[in-house]
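Coordinate inspection notes
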Amino acid sequence: PDSLFNTPYTEKTVYYPADNPTWTESAIQSFDPKFTFIPYYTSENGLFYTINKGKAEIVGCDESSPSLEIPSMIGNYPVCISANAFADNLQLTNVIIHESITEIGSGAFSECSRLRRITLPNNLKSINKHVFYICWSLRHLIIPESVKSINKYAFYSVLIHQLYFKGDIPDDTYNPHIETTVYY
């Protein structure tokens, strides 16, 4: 079947388009039983999502657009961003995340090497491991006051020139590169 994609780092989860008729029960069963197959849907703005525990969990996007806006809701479901959701997206340069989102999954933007600008929501509680791993074009970032935890590997292999904290710097914050200027 076509339109298949694996999530990086967890290659045992495979997402497939829910509306693709080639994805039948027998086609899925022909794969290695160690794999988990999860159908995804496509939102009006090109986000791929699943319904999980009453939330629209973003698992990817149409990679043809350099800009992405992640809404608070899809249909009647609040939105969350899964681990590795946009990993390896080489087109992505600008992201806006709406206010109700409180967590970004580990590795969500890892290896988005052209990502230059991301607007983090004011309700974000933490920045997880590898969220911005190898985001080489990300030079400036504003951390909302609501962020209380930043994993020490959140910005691994990223050279941020200016890091702005609207509130206090969390105690467990990673050590930025020597070239980073930190403002708070």
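Residues numbered from 1 in each chain as written. Predicted model: local features only at pLDDT ≥ 70, side-chain atom pairs only at ≥ 80, totals over all residues. Heavy atoms only, no water.

Within the protein, the secondary structure is distributed over one helix and 16 strands. For the protein, buried positions account for 43% of its 184 residues. In the protein, 28% of the contacts between residues at least 6 apart in sequence involve partners at least 24 apart. Only carbon and sulfur atoms are counted for the fraction: they give 49% of the accessible area of the protein, which is about 10,100 Å². (Helix = DSSP H or I, 4+ residues; strand = E, 2+ residues; numbered from the N terminus. Buried < 20%, exposed > 50% of the residue type's maximum accessible area, 1.4 Å probe, protein only. Contact = heavy atoms within 4.5 Å. Areas by Shrake-Rupley, 256 points an atom, 1.4 Å probe, with all protein chains shown as cover.)

A few words now on the packing of aromatic side chains. A full pass over the atoms with the stated rule returns seven aromatic pairs. Ring geometry for phenylalanine 109 versus phenylalanine 132: centroids 6.1 Å apart, planes at 10 degrees, classification stacked. Taken together, the residues span a long stretch of sequence, with phenylalanine 109 in the loop between β10 (103–104) and β11 (117–119) and phenylalanine 132 in the loop between β12 (126–127) and β13 (140–143) at a distance of 23 residues. In this structure an aromatic cluster arises from ring pairing among Phe86, Phe109, Phe132 and Phe155. (Phe/Tyr/Trp six-rings, centres within 6.5 Å; stacked < 30°, edge-to-face > 60°.)

In the Ramachandran plot, lysine 53 falls in the positive-phi region, its phi being about 55 degrees despite a non-glycine side chain. On the secondary structure map, lysine 53 appears in the loop between β4 (47–52) and β5 (55–61). Residue classification places lysine 53 among the exposed positions, given a relative accessible area of 82%. Phi at serine 157 takes a positive value of approximately 65 degrees, unusual for a residue other than glycine. Among the secondary structure elements, serine 157 is positioned in the loop between β14 (149–150) and β15 (162–165).

Sheet architecture is open: three strands sit in the order β6-β9-β11, paired in parallel fashion. This sheet does not close on itself; its edge strands, each paired only once, are β6 (67–70) and β11. Each strand axis lies, on average, 5 degrees off the axis of its neighbour in the sheet, ignoring direction. (Pairing = 2+ DSSP bridges. Axes fitted to C-alpha atoms, helices over the stretch in contact; angles between N-to-C directions.)

To continue, consider the confidence of the model for the protein. For the protein, per-residue confidence averages 84 on the pLDDT scale, and residues scoring 70 or more make up 86% of the total. Element-level mean pLDDT values for the protein span from 47 in strand β1 (residues 5–7) up to 97 in strand β9 (residues 94–97). Segment residues 1–10: pLDDT under 50, and 35 contacts once partners within four positions in sequence are set aside and those in other chains are kept. (pLDDT = per-residue confidence, 0-100.)

Moving on: the layout of surface pockets. Here the largest pocket is characterised by a volume of approximately 320 Å³. Looking at the largest pocket, it is lined by 16 residues, and the ones nearest its centre are Arg117, Ile118, Thr119, His140 and Ile142. Here the lining of the largest pocket is composed, by residue class, of five nonpolar, six polar and five charged. (1 Å grid on protein atoms, 1.4 Å probe; cavity = no way out; pocket = protein on both sides within 12 Å on 5 of 7 lines; lining within 4 Å. Points joined across faces, edges and corners; volume = space filled by probe spheres on them. Nonpolar A, V, L, I, M, F, W, Y, C, P; charged D, E, K, R; others polar.)

Another aspect to go through is the pairing of β15. Residues Leu163 and Phe165 line the buried face of β15, whereas the alternating positions Gln162 and Tyr164 sit on a face that is not buried. Here β13 pairs with β15 via four bridges, running parallel. Considered in β15, the bridge of isoleucine 143 is made with phenylalanine 165.

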